[in-house]
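# Architecture at a glance
Here are the chains, one letter per residue:
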Amino acid sequence: EAIAETLDLPLVRLQCYEGIDATQALYDWDFPRQILHLRALEATGGVGPTDVEEAEKSLYDDRFLLARPVLQALQASPAVLLVDEVDRADDEFEAFLLEVLSDYQITIPELGVFGTSMPPVVILTSNRTRDVHDALKRRCLYHWVEHPTFEREVQIVRMRVPHVLEPLARQVSGAVEAMRTRNLYKPPGVAETIDWAAALASLGVSELDEHTVEVTLGAVLKYREDQEKVRQQGGIADIVKQAFERGAFHV
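Here's a quick rundown of the structure. (Residues numbered from 1 in each chain as written. Predicted model: local features only at pLDDT ≥ 70, side-chain atom pairs only at ≥ 80, totals over all residues. Heavy atoms only, no water.)

This part covers the overall build of the protein. When its secondary structure is counted, the protein shows 13 helices and 7 strands. In terms of overall size, the protein is more extended than a compact globule, its C-alpha atoms giving a radius of gyration of 26 Å where 251 residues would be expected to give roughly 18 Å. Expressed as a percentage of its 251 residues, the buried residues of the protein come to 37%. Relative to all contacts within the protein whose residues are 6 or more apart in sequence, the contacts with residues 24 or more apart total 74%. If you sum the accessible surface of the protein, you get close to 15200 Å²; carbon and sulfur atoms cover 52% of it. Each charge class in the protein was averaged separately, 25 positive and 42 negative side chains, and the resulting centres sit 6 Å apart. (Helix = DSSP H or I, 4+ residues; strand = E, 2+ residues; numbered from the N terminus. Rg over C-alpha atoms; globule rule 2.2 N^0.38 Å. Buried < 20%, exposed > 50% of the residue type's maximum accessible area, 1.4 Å probe, protein only. Contact = heavy atoms within 4.5 Å. Areas by Shrake-Rupley, 256 points an atom, 1.4 Å probe, with all protein chains shown as cover. Lys, Arg positive; Asp, Glu negative; His and termini not counted. Charge placed at Lys NZ, Arg CZ, Asp CG, Glu CD.)

Structural data, given as structure tokens:
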């Protein structure tokens, strides 16, 4: 979103998921409209033995084409194409995507070749649920997104949840920072920090305490094993202590 805004280009998003195929990424045909078109031809006497072939050709027209994200990005050229969570798709889709993004053109048998002289800016994201193939990574500039620093995370919370007072934002960020050091199965990300801060503010909480952390832990830790690990051996008390220590640096 930031790149698209900075370059003043449209943003097109392709959300990957298990089972996604070329139809969801490239194009499809609007079958209901095609059927209505045929019925309209029949009703007006436009389909006879001699013009069946012409009627069939008229079904594959631009007006019946449903452009999916990859085709949309090529048509809107230049554009920013976000291929989100590519690791959730299977190997076959990744190979297909590699081919399309190498040539930046696709062929629709009924209409011809669609390409662009200005390839889109393509961003691929991965949560590493599986390894992305080397062939795809070789064509990418790689950037690892670390957790933000404490002060940066406070700024993010204050920006995304402006009604959260700064002392609480600092305590929440400090508590999350403490949780990330506990070797959890799924350490909380910035999204969980924001959700937790928003939930606490909605509950009227002005500062953290052990009871508040205990009853709202599900807003920041999404796995039972992680919650149990944090609750063991005075873990919540330690987290609250660190939260207050980090929050105390504010002048």
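Now for the packing of aromatic side chains. Under the defined criterion, the tally for this structure stands at 4 aromatic pairs. Measuring from centroid to centroid gives 4.9 Å for Trp 29 and Tyr 60, while their planes differ by 85°, and the two rings are edge-to-face. Placement of the pair is Trp 29 in strand 2 (residues 27-29) and Tyr 60 in the loop between helix 4 (52-59) and strand 3 (65-67), with a sequence separation of 31 residues. With a relative accessible area of 33%, Tyr 60 lands in the partly exposed category. Taking 4.8 Å as the distance between ring centres and 75° as the angle between the ring planes, the aromatic pair formed by Tyr 185 and Tyr 223 counts as edge-to-face. (Phe/Tyr/Trp six-rings, centres within 6.5 Å; stacked < 30°, edge-to-face > 60°.)

This part covers a negative patch on the surface. Residues Glu 18, Asp 21, Asp 90 and Glu 92 make up a contiguous surface patch of negative charge. Following the sequence through the fold, Glu 92 ends up in helix 6 (residues 91-103). Overall, the relative accessible area of 59% leaves Glu 92 in the exposed class. (Patch = residues over 30% accessible without salt bridge, like charges linked within 9 Å, V, L, I, M, F, W, Y side chains within 5 Å. Salt bridge = Lys/Arg side-chain N within 4 Å of Asp/Glu carboxyl O.)

The phi dihedral of Glu 85 falls on the positive side, at around 55°, and the residue is not glycine. Looking at the element boundaries, Glu 85 is found in the loop between strand 4 (80-84) and helix 6. Although it is not a glycine, Asn 183 sits at a positive phi angle of roughly 55°. Inspection of the secondary structure puts Asn 183 in the loop between helix 9 (166-179) and helix 10 (190-202).

The next thing to look at is the pattern of salt bridges. Inspection of the entire model under this criterion finds 15 salt bridges. Here Arg 68 ties to Asp 28 by a salt bridge, and the two come within 3.7 Å at their closest N and O atoms. Of this pair, Arg 68 sits in the loop between strand 3 and helix 5 (69-75) while Asp 28 sits in strand 2; the two residues are 40 residues apart in sequence, bridging distant segments of the chain. Between Arg 246 and Glu 177 there is a salt bridge, with its nearest N and O atoms 2.8 Å apart. Here Arg 246 is found in helix 13 (residues 235-247), whereas its partner Glu 177 is found in helix 9, with 69 residues between them in sequence. Judged by relative accessible area, which is 23%, Arg 246 ranks as partly exposed. On the accessibility criterion, Glu 177 (23% relative accessible area) is partly exposed.

Taking 1.5 Å per residue as the helical rise, helix 13 with its 13 residues ought to reach 18 Å, and the 18 Å between its terminal C-alpha atoms agrees with that figure. Against the buried residues of helix 13 lie helix 9, helix 11 (210-216) and helix 12 (224-231). (Expected span 1.5 Å × (residues − 1).)

With that out of the way, let us pick up the nonpolar core. Membership of the largest hydrophobic core comes to 30 residues, with the highest contact counts inside it found for Met 179 and Trp 196. Put simply, the parts of the chain that give this core at least two residues each are helix 8 (150-160), helix 9, helix 10 and helix 13. Considering every element that reaches this core, the biggest residue donor is helix 9, with 7 residues. Of all hydrophobic cores here, the second largest spans 29 residues; its members include Leu 14, Leu 65, Leu 81 and Ile 108. (Core = buried A, V, L, I, M, F, W, Y, C linked by side-chain atoms within 4.5 Å.)

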